[in-house]
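What the coordinates show
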Amino acid sequence: MGVSEAPGWIVLGRTGRGAAVILLDANAEEFGRDEVERGPLTSWISDAEVRWAPRWVWHDTPQWYAALLADGVRVARCHDLRLCHAILRESALVSETAAVRRSREWDAAPHVDAEAAAPTLFELDAVGRPSGPPPDADAALAEFARQRDAIADCAAPGRLRLLTAAESAGALVAAEMRAAGLPWDAEAHDRILVETLGERRPGGAQPAKLAASAERVRAALGDPTASLDSQPKLLRSLHRAGVLVDSTSRWELAEQRHPVIEPLLEYKKLSRLLSANGWTWLAEWVADGRFRPVFVPGGVVTGRWASSGGGALQLPRQLREAVRADPGWRLVVADVAQLEPRVLAAMSGDTALAAAARGRDLYAGIVDSGAVATRQEAKIAILGAMYGATTGESGRLVPRLRRAYPRAMALVDDAARTGEDGGIVSTWLGRTSPAPSPEWSAAQSRATEAEASGADETRARRWARDRGRFTRNFVVQGTAAEWALAWLADLRGRLAALPAVPAERAAPRSGPAFARRPHLAFFLHDEVIVHTPEEHADAAAQAVTDAAATAAHLLFGGFPLDFRLDVRIAETALKD
DNA sequence: CTCCCTTGCGCG
DNA sequence: AAAGCGCGCAAGGGAG
């Protein structure tokens, strides 16, 4: 390593033999280059991490970090060029003329294939996408310079610095959670399936309770051969039995009064469990006591994460009991109470809404303020305000919020108006919504022409309102995602600082990087699950709470609002 | 057979 | 068929 100066940043790029390494000082000025062969690369990175704790600059986190984690090497900080490019090229804070907007080769889709996260360095080219970002160091260095310039010259450098750092930290967390996995008790899962559906039957036959449920439906329909799994056929059977519904969805069926309804709703519930999270899912997704989904940071336009494979973000509450800590370990399960309305209060500076939220259930606070009568009304009204409800009970309640919390409502109303007019909106830290599609714009201009038909106008108005609801929600959902990223990033650092346990206390199935340490195991928009040795469970829970306070301060400074958490330490993730 | 779309439902 | 946002996935069914 023999460099005299400590690098603040290290740019990594692929070469035929291994990796090119470019050392930058704290001001990102280059002062050295090296080439490291594939064999010693992991230990070189590990040594550099210990010695300098640099920020690693690379083209795509999973393609570098998965292999490091497989060898037990973690890094504290990185700059993910692909993710940060996606933010900066769209951000309204960035100058229209910034070079980062023109580096089109970095406009690459997220890597969602499991191969991209495979734990081998450089073995991926054969299966990699041709459209991926450039993997070489000079391209990375050039893009890094463009990104730094874009941030330095933008309207609010501090915000984009925070956002790009948080997004990059999220990329590390996503890779780490995949490596560690969510502790999953396959026997408990099987027990739930057997209790609910009946014993598994060979050859794909329906388990007994599901089959019995199907028979009850057919009996009530008076049709012994009715097909229940094909929507068109089921709809026809229902019509023949006199149940005149327009769809077979649960909510519409629930409004009907007919002997078939109760067993049919039960059948649909059981059938869903079997097809989505039955034994096939268990065999495919749970190995060695862990569920290892692919998390996709930045996979949603608003900045929320998506997932790929295994339905990681849709795990039914029914199965939470199967999420079970290893022996001698615990889960810290924490979720934020009413994250989005709290974020709305903070970003709009609405001190009345903040006061309603402070130190208590936000919906109870709204009731106490007299705006609405019940907690349920408060919840419906708030959701309606953030989603743009116009009709029904929700639409009826929203005007009351507009009177009680004018600043908060003005923020979402303005976002909706901007979207309806074809404009773009941004989150608190500067993630910006996509521009309207060409089809959308064409429909709007067509509707203003003299020869426009009534249908043209109706469609244009409907599309405008649709887009208004999207931008209305974008600013809140996206800022909540930023808060959650900051929470996650700070929590990750706090957990890494907790002491390791002795080898005999290890949970080896979490992999070499995490077997002896508290680690993040799951993240879902406003909830985290930490897997921790029991002796550190209290400290891990405290870290979760402290990280929330840090996130609030990072985003909103001293604005008087707390983000309340429900934190519990348990053996399973079961919710009460 | 593959591809693509729709439906319905799980999550926040 | 949700009224009211954002997703992913399984299954059916039609087109080729």
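Values in this document were obtained by computation on a predicted structure and should not be read as measured data.

**Some details on the overall build of chain A**
Looking only at helices and strands, chain A has 20 helices and 14 strands in total. Against the compact-globule benchmark of 25 Å for 576 residues, chain A has a radius of gyration of 26 Å, which places it among compact chains. For chain A, with 576 residues in total, the buried portion stands at 51%. In chain A, of all internal contacts separated by at least 6 residues, the share reaching a separation of at least 24 is 67%. Of the accessible surface of chain A, which amounts to about 24,900 Å², a share of 51% is contributed by carbon and sulfur atoms.

**Details of the protein's contact with DNA strand C**
With respect to spatial proximity, 27 residues lie near DNA strand C, and among them Ser230, Trp251, Gly309, Thr390 and Arg469 are the closest. Within 4 Å of the protein, the contacting atoms of DNA strand C are 70% sugar and phosphate, with bases supplying the remainder. In this structure, a base nitrogen belonging to DNA strand C sits 2.8 Å away from a side-chain N or O atom of glutamine 314. A distance of 2.3 Å is found between a phosphate oxygen of DNA strand C and a side-chain nitrogen or oxygen belonging to threonine 390. Contributing elements (two or more residues each) for the surface near DNA strand C: α10 (261-277), β10 (306-308) and α19 (454-496). For the surface near DNA strand C, the leading source of residues is α19, giving 4 residues. Considering only residue class, the surface near DNA strand C consists of 7 nonpolar, 14 polar and 6 charged.

**Notes on the sheet that holds strand β11 (residues 329-336)**
The sheet built from 4 strands is open, its strands ordered β12-β13-β11-β14 with antiparallel pairing. Edge strands, defined here as strands with exactly one partner in the open sheet, are β12 (519-523) and β14 (565-570). Taken over all neighbouring pairs, the strand axes of this sheet differ in orientation by 20 degrees on average, direction set aside. Sheet analysis places β11 next to strand β13 (residues 527-533), joined by 7 bridges and oriented antiparallel.

**Considering unusual backbone geometry**
One non-glycine residue with positive phi stands out, namely aspartate 288, at about 55 degrees. Locating aspartate 288 in the fold gives a position in the loop between β7 (286-287) and β8 (290-291). By relative accessible area, aspartate 288 is classed as exposed at 52%. Here the phi dihedral of glutamine 338 falls at roughly 50 degrees; this positive angle occurs in a residue that is not glycine. On the basis of relative accessible area, glutamine 338 is assigned to the buried category, the value being 13%.

About the thresholds
- Residues numbered from 1 in each chain as written.
- Chains lettered and ligands numbered in written order.
- Predicted model: local features only at pLDDT ≥ 70, side-chain atom pairs only at ≥ 80, totals over all residues.
- Heavy atoms only, no water.
- Helix = DSSP H or I, 4+ residues; strand = E, 2+ residues; numbered from the N terminus.
- Rg over C-alpha atoms; globule rule 2.2 N^0.38 Å.
- Buried < 20%, exposed > 50% of the residue type's maximum accessible area, 1.4 Å probe, protein only.
- Contact = heavy atoms within 4.5 Å.
- Areas by Shrake-Rupley, 256 points an atom, 1.4 Å probe, with all protein chains shown as cover.
- Near = heavy atom within 4 Å.
- Polar contact = N/O pair within 3.5 Å; in protein donor to acceptor, adjacent residues only side chain to side chain.
- Nonpolar A, V, L, I, M, F, W, Y, C, P; charged D, E, K, R; others polar.
- Pairing = 2+ DSSP bridges.
- Axes fitted to C-alpha atoms, helices over the stretch in contact; angles between N-to-C directions.

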